[in-house]
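# Results of the structural survey
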Amino acid sequence: MGVLPYLVAAWIFLAGCYGLATSRNLIHAVGCLAVCQSATYVLLLAVGYRDHATAPVFSDVQPGSRPVVDPVVQALTLTDVVVGATVTALLLALVVQVSKRHGTVDPDALSELRG
Amino acid sequence: MSRRARLWLVAVGGGALAALLVAACLDLPAFGGTRHPYGDRAVRESLARHTANTIASINFDQRAFDTLGEISILFAAVLGCVVLLRQTRDEHRARPEPEPVALPVRRYALAVLPVALLTGLYVIAHGQLSPGGGFQGGVVAATSLHLLYLGADYRALERIRPVGLYEVGDALAVSAYLVTGIAGLIGGTAFLANTLLPYGTFNTLSSGGTVPLLNAAVGMEVACAVVVLLARFLDQAVEIEEGK
């Protein structure tokens, strides 16, 4: 059990990389990038986990009465999610334009330059 | 490069990376351990500043400057999408025709819309008290408006969503964040330092000093940004057509 969550994060990352390298559709590639990024969520939350702990929110938990999980990595994950979502939106906008200009979303068919 | 050669390259590179990652994982502190020095200090600081939600305290107080960078990324990405998805010279706009909507879908969408909008605003307002905050609540509030697109039609959505106004709102929200930071400089402390306002009573809406202000600015920015992003993509899908 000790290192399993970290290995899961590594596996998700590698699965995303494999998808990116073998992708035949740019929308699929953007999805694979999102998979790669979700590996970082798993890794960060796994690093911050503490056994028998609760969420670091003290609106209904008396401070000091229970251990809480690491809030720093949770805040980093939140940052990660927001940046991931915006980057995905920007990449999808690029895919829309590529598909309009070149008539294809297959990265292999996009190898030649066009004026 | 041929497909075969590329697969080989991926296998070799991925295998080496996997070996390195596994070696690194085996050296990490054990999962679920009790030693979290940064987390313990963050919790202590957050309680000292009367912020019940430690994550809000980290995002809008201890790491407020990083959040400024983050909302700048969001702002820049929205700007990029607006530029990339504009109408080009060889395209024209077609008025979308109203489509019939199944009655249960219409009823459900119109019943849930106000509830979802209120939930979004609630999550933003209670960012410093309960799980959630500007980022999460902003997304909920912005997507709730789009229930009108599902329940009625595109024109109804356009009536309650003047995109120009949301673009201005996006910029204003980022400015509000900056102005709150600069207020610290004028008040004689540091940029974005949370020492200007009283910390208030623990676990009330006004607690946490500048945390609720920055949280509200981020909530407004995210809500406006998501509305503008979805508007641009919907424009491409529904209105803009190729050719004259």
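Given the structure is predicted, the values throughout are model-derived calculations rather than measurements. (Residues numbered from 1 in each chain as written. Chains lettered and ligands numbered in written order. Predicted model: local features only at pLDDT ≥ 70, side-chain atom pairs only at ≥ 80, totals over all residues.)

### Concerning the overall build of chain A
Convention followed: Strands here mean DSSP runs of E at least two residues long; helices mean DSSP runs of H or I at least four residues long; both are numbered from the N terminus. Using C-alpha atoms as the atom set, the radius of gyration is obtained and then compared with a globule rule of 2.2 Å times the number of residues to the power 0.38. Counting other C-beta atoms within 10 Å of a residue's C-beta gives its exposure: the residue is buried at 20 or more, exposed at 12 or fewer, and partly exposed in between, where C-beta atoms are placed from the backbone. Any pair of residues counts as being in contact when their C-beta atoms, constructed from backbone geometry, are within 7 Å of one another.
Assigned secondary structure in chain A consists of 3 helices and 0 strands. Starting at the N terminus and walking to the C terminus, you meet the elements of chain A as α-α-α. The C-alpha radius of gyration of chain A comes to 19 Å, more than 25% above the 13 Å expected for a compact globule of 115 residues. Its C-alpha atoms give chain A principal-axis dimensions of roughly 65 × 30 × 15 Å. A total of 115 residues make up chain A; the buried ones form 28% of that total. Once local pairs closer than 6 in sequence are excluded, the contacts in chain A between residues at least 24 apart make up 51%.

### So, the overall build of chain B
In terms of helices and strands, chain B carries 10 helices and 2 strands. The order of helices and strands in chain B, counted from the N terminus, is α-α-α-α-β-α-α-α-α-α-α-β. Taking 2.2 N^0.38 as the reference for a compact globule, 244 residues should give roughly 18 Å; the C-alpha atoms of chain B span a radius of gyration of 23 Å, well beyond that estimate. With the C-alpha coordinates of chain B rotated into their principal frame, the extents come out at 60 × 55 × 40 Å. Across the 244 residues in chain B, those meeting the buried criterion constitute 35%.

### Side note on the environment of Tyr49(A)
Tracing the sequence through the fold places Tyr49(A) in the loop between helix 2 (26-48) and helix 3 (71-102). According to the C-beta neighbour criterion, Tyr49(A) is partly exposed, with 16 such atoms within 10 Å. Considered as a pair, Tyr49(A) and Gln74(A) are 25 residues apart in the sequence and their alpha carbons are 9.7 Å apart. Aside from chain neighbours lying at most four places away, what touches Tyr49(A) is Val69(A), Phe31(B) and Gly32(B).

### Some remarks on the interface of chain B and chain A
Worth spelling out the cut-off: Throughout this entry, Asp, Glu, Lys and Arg are counted as charged residues, while Ala, Val, Leu, Ile, Met, Phe, Trp, Tyr, Cys and Pro are counted as nonpolar. The remaining residues, Gly among them, count as polar.
Taken together, the contact pairs 44 residues of chain B with 41 residues of chain A. Of all the secondary-structure elements, those providing two or more residues to the side of chain B that touches chain A are helix 1 (3-27), helix 2 (37-48), helix 3 (54-62), helix 4 (64-84) and helix 10 (211-239) of chain B. Considered class by class, the residues forming the side of chain B that touches chain A number 28 nonpolar, 13 polar and 3 charged.

### With respect to the packing of helix 3 of chain A against helix 4 of chain B
Defined as follows: Axis definition: a line fit to C-alpha positions, over the contact stretch in the case of helices; interaxial angles, taken between N-to-C directions, run 0 to 180 degrees. Roughly parallel means an angle under 35 degrees; roughly antiparallel, over 145; roughly perpendicular, 65 to 115; everything else is oblique. When the near helix sits turned anticlockwise from the far one by under a right angle, the crossing is termed left-handed; a clockwise turn instead gives a right-handed crossing.
Where helix 3 of chain A contacts helix 4 of chain B, the axes come no closer than 9 Å and their chain directions differ by 15 degrees. It follows from the interaxial angle that helix 3 of chain A and helix 4 of chain B lie roughly parallel. The hand of the helix 3 of chain A/helix 4 of chain B crossing is left-handed. Contacts between helix 3 of chain A and helix 4 of chain B pair Thr79(A), Val82(A), Val83(A), Thr86(A), Val87(A), Ala89(A), Leu90(A), Ala93(A), Leu94(A) and Gln97(A) from the former with Glu70(B), Ile73(B), Leu74(B), Ala77(B), Gly80(B), Cys81(B) and Leu84(B) from the latter. Along the lines of polarity and charge, the residues of the contact of helix 3 of chain A with helix 4 of chain B split into 12 nonpolar, 4 polar and 1 charged.

### Let's talk about helix 1 of chain B
Convention followed: The span expected for a helix works out to 1.5 Å for each residue beyond the first.
For helix 1 of chain B, built from 25 residues, the straight-helix expectation of 36 Å at 1.5 Å per residue is met to within 8% by its first-to-last C-alpha distance of 36 Å. Counting buried positions along helix 1 of chain B gives 1 out of 25 residues, so the element sits mostly on the surface.

### Brief notes about unusual backbone geometry
Residue and element names in this part refer to chain B. Notably, His50 is not glycine yet its phi reads approximately 60 degrees, a positive angle. Among the secondary structure elements, His50 is positioned in the loop between helix 2 and helix 3. Positioned with a positive phi, Asn203 is a non-glycine residue whose angle comes to about 70 degrees. Looking at the element boundaries, Asn203 is found in the loop between helix 9 (163-186) and helix 10.

### Comments concerning helix 5 (residues 103-125) of chain B
Residue and element names in this part refer to chain B. What counts here: One axis fitted to the seven residues ending at a residue, another fitted to the seven starting there: the angle between these axes is the bend at that residue.
Between its first and last C-alpha atoms helix 5 spans 34 Å; for 23 residues at 1.5 Å apiece the expected length is 33 Å, and the two agree. The sharpest bend along helix 5 comes to roughly 30 degrees, located at Leu113, with the proline Pro114 sitting one to four residues further on. Packing partners of the buried residues in helix 5 comprise helix 6 (134-145) and helix 10.

### Quick notes on the environment of Ala176(B)
All names here are of chain B. Tracing the chain through its elements places Ala176 in helix 9. Residue classification places Ala176 among the partly exposed residues on the basis of 17 C-beta atoms within 10 Å. Along the sequence, Ala176 and Glu221 sit 45 residues apart, while their C-alpha atoms lie 9.6 Å from each other.

### Notes on the confidence of the model for chain B
Residues and elements named next belong to chain B. Where we set the bar: Confidence scores labelled pLDDT are given residue by residue by the predictor and lie between 0 and 100.
Residues with a pLDDT of 70 or more make up 99% of chain B, whose mean pLDDT is 90. The weakest mean pLDDT in chain B belongs to strand 2 (residues 240-242) at 75; the strongest belongs to helix 5 at 94. Here the prediction assigns the complex a pTM of 0.90, and the interface score ipTM is 0.87.

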